[in-house]
Amino acid sequence: MNKMRGRELLEIQGTGNIILDSLINSKFAAIQNKAFINLFIDVNVPPVLPFQAADLGILFGNIIDNAIEAVLPNSDSSNTIKLLARYEKETLIVTCINSYKGKLIFNPSGELITSKSDSTNHGYGIYSIKKVATKYHGSVSIDFNNSMFTIKVLLCNF
């Protein structure tokens, strides 16, 4: 497990999966001096996964970007991002839990939508995550309470 508290130097131990290692390191390194974040990363996957690299990039990139965007405006010690992933029994399980403040916005059908004013160029992250999950016969579940947001994604290799 890797931790970043405050503005400490982020050093993430590699998973051996070059795609995920590069993506995770670059995303979190870019914010290490911008906010106080309690960061926990536990990604236990093989060096090669049976999913297309682009799809893994879409999945992890959007999950991490959304979590970062939720915590950056809040400059306090309760900022938390937990990124967990494992591959077992031909299934990739990715969970991200992050703190957030503010109000979540939903469309009339109950789907989460962007709170950004430029909805033409934003708001595709969750949609993209769901599209990747569907491609691999998986699922996406989202849960939230007053201060914590959780997304869990399953991708199946069968």
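One structure accompanies this document, and this report is about it.

Reading the values: the criteria
- Residues numbered from 1 in each chain as written.
- Predicted model: local features only at pLDDT ≥ 70, side-chain atom pairs only at ≥ 80, totals over all residues.
- Heavy atoms only, no water.
- Helix = DSSP H or I, 4+ residues; strand = E, 2+ residues; numbered from the N terminus.
- Expected span 1.5 Å × (residues − 1).
- Buried < 20%, exposed > 50% of the residue type's maximum accessible area, 1.4 Å probe, protein only.
- Contact = heavy atoms within 4.5 Å.
- Arc of directions from axis to C-beta.

**Let's talk about helix α1 (residues 18-29)**
Here is step 1: In a regular helix each residue adds 1.5 Å, so 12 residues correspond to 16 Å; α1 covers 16 Å between its end C-alpha atoms and thus fits that length.
Here is step 2: What α1 keeps buried is the set L20, D21, L23, I24 and F28.
Here is step 3: Structurally, α1 contributes buried residues whose contacts are with β2 (38-44), α2 (53-71) and β3 (80-88).

**A closer look at helix α3 (residues 125-135)**
Here is step 1: For α3, every residue scored as buried is listed here: G125, I126, I129, V132 and A133. Buried residues in α3, looked at end-on, bunch into an arc of 125°, giving them a common side. Relative to its buried face, α3 has exposed residues pointing more than 90 degrees away, namely Y127, K131 and T134.
Here is step 2: Buried residues along α3 sit in contact with α2, β7 (139-144) and β8 (148-156).
Here is step 3: Looking one or two residues beyond α3, the residue adopting positive phi is H137, at roughly 55°.

By themselves, these figures tell us nothing about what the structure is for.
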